[in-house]
Amino acid sequence: MDIKKIENIELKYLTVGDFEELKAATLESYGGVLDSYWKKDHIQKLTTMFPEGQVVIKIDGNLAGCALSLIVDYDKLDDNHTYADIISGESFKNHDPEGDVLYGIDVFIKPEYRGLRLGRRLYDYRKELCENLNLKSIVFGGRMPNYHKNKQFSPKEYIEKVKRKEIHDPVLNFQISNDFHPVRVMKNYLEGDTASNEYAVLMEWDNIYYTKPSKKAASVKTVVRLGLIQWQMRPYNTLEDLMQQVEYFIDSVAAYRSDFAVFPEFFNAPLMAEFNHLHESQAIRKLAEHTQTIVEKLKQLAISYNINIISGSMPEVVDDKLYNVGYLCRRDGSFERYEKIHVTPDEAKVWGMQRGNTLQTYDTDCGKIGILICYDSEFPELSRLLSDEGMDILFVPFLTDTQNGYSRVRLCAQARAIENECYVAIAGSVGNLPNVNNMDIQYAQSAVFTPCDFSFPSSGIKAEATPNTEMILVADVDLSLLRELHSFGAVKNLKDRRKDFYDVIRVK
């Protein structure tokens, strides 16, 4: 077909009026290999029960291709089903409007129109339909028309050679290039398909936007608003004064309908001023006596302001050992505790801080999140373990006194966003505490980082605060873009890992 002569290409729903043209096109497209075609009553049934699933491509008014499909409850199908099982003797009784999978029962392009990428248009339509109907995936039994020429190989070996481009199979190559992946080989799938030796490959395309229907009124959000608090270190006379400032910032980010309020590491350090007459290791243990009171107040604020609060971190004594810990206080009233795994040399030397041993992801109404405190972000193994658990957003509360220290946290956070295909939000404190030993001056520029791909800022920076200024930073992150990145990114850092060659595992 001369593309220069084409004046109009249309994708239309199939109608009974297309029957005669469809019959001729079907017989021509399969070249007599499968001497069958859809009868008129079949078209009537299909277009009545599921009109959106039956489409044709017309070029200048002439039928050039067709795609037919059903919706099925896949759990009710036998793993080794046949094509005849799917169409149920052409009664199509397996069609279930409440099903979860779009099952392709036919697709073809007439020989004279091949080479125009029309098949891709039909597949793209099916993908959009699958997404719009919130179906889990698209599946179909793919023919292997060149298998009869390579019967010395098992079907599995044949598929692997096709994937490695050692054998050309026009159907399998096309399906794989359109993001379908083989699930299993099915024997005796299509009676009369001698070219495939009656084998077929069950091919699947996963809908990354699929959301399992829920009976609950609440649902997991896809666009999440982050409220980062760039906290000013200043003197406070009492715990009540400090918590008044905490509530002020929570109120501020909640007023913008933020889903998270994120505080920095050791945001409560100003309260150590009253213990400055003690040795540093004793002063921080006195500060730890405030931790549970602060946590209880944060749990109340999370509920009253309808916001998830990440407390940054605070010192806590457990079995007479000092740890750097924080709390996730959810807006539903539940809470979680997290620990700093890697303490800095200064924390260990001056305060006697102990290393934590807790690492996990946390379920929220905004997806799975991870939390690493400051220095922990500089160890890529931790975030990789969290990523393997499905983390979408990594929060890093930090405290750095120099620009050198800040740059380490920032650059490592950006690397974590790229290598784990997730968002990373860092929140720090600014100012100074002249009346608190071992706290020195603070340097920070809170920010939200993204992977570097077409759907994200080319710099990988979603938003950033003004350096060394007390302020809030509010930014929206779209979790659906991460799903797209995992499957369709220019590079796929998670999928392309050589787990056959290396891996990151927990010791305990």
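Values in this document were obtained by computation on a predicted structure and should not be read as measured data.

What counts as what
- Residues numbered from 1 in each chain as written.
- Predicted model: local features only at pLDDT ≥ 70, side-chain atom pairs only at ≥ 80, totals over all residues.
- Heavy atoms only, no water.
- Helix = DSSP H or I, 4+ residues; strand = E, 2+ residues; numbered from the N terminus.
- Buried < 20%, exposed > 50% of the residue type's maximum accessible area, 1.4 Å probe, protein only.
- Contact = heavy atoms within 4.5 Å.
- Arc of directions from axis to C-beta.
- 1 Å grid on protein atoms, 1.4 Å probe; cavity = no way out; pocket = protein on both sides within 12 Å on 5 of 7 lines; lining within 4 Å.
- Points joined across faces, edges and corners; volume = space filled by probe spheres on them.
- Pairing = 2+ DSSP bridges.
- Axes fitted to C-alpha atoms, helices over the stretch in contact; angles between N-to-C directions.

Caption draft 1: Highlighting the environment of Leu102. In this structure, Leu102 sits in strand S4 (residues 101-109). The buried category is assigned to Leu102, whose relative accessible area is 0%. Put simply, Leu102 and Lys127 are 25 residues apart on the chain and 9.2 Å apart in space, counted from C-alpha to C-alpha. Ignoring any residue separated from it by four or fewer positions in sequence, one finds Leu102 in contact with Phe50, Ser69, Leu70, Ile71, Arg126, Leu129, Leu135, Ser137, Ile138 and Val139.

Caption draft 2: Local environment of helix H2 (residues 40-49). The set of residues buried in H2 consists of His42, Ile43, Leu46 and Thr47. One side of H2 holds all its buried residues, which, seen down the axis, span an arc of 120°.

Caption draft 3: Summary view of empty space enclosed by the protein. For the coordinates displayed, the defined rule picks out three cavities of 30 Å³ or more. Of the volumes computed, that of the largest cavity is approximately 50 Å³. Considering the residues around the largest cavity, the lining is formed by Met272, Phe275, Asn276, Leu278, Glu280, Ala283, Trp351, Val436 and Asn437.

Caption draft 4: Fine view of the sheet that holds strand S21 (residues 461-464). Pairing is mixed across the open sheet formed by six strands, whose spatial order is S14-S15-S16-S17-S20-S21. What marks the edges here is a single partner per strand, and that holds for strand S14 (362-364) and S21. Along the sheet, successive strands turn relative to each other by an average axial angle of 20°, direction set aside. In this structure, strand S15 (residues 367-371) lies alongside strand S16 (residues 393-397), joined through three bridges in parallel fashion. Each bridged residue has a counterpart across the sheet, and for Ile371 the counterpart in S16 is Phe395.

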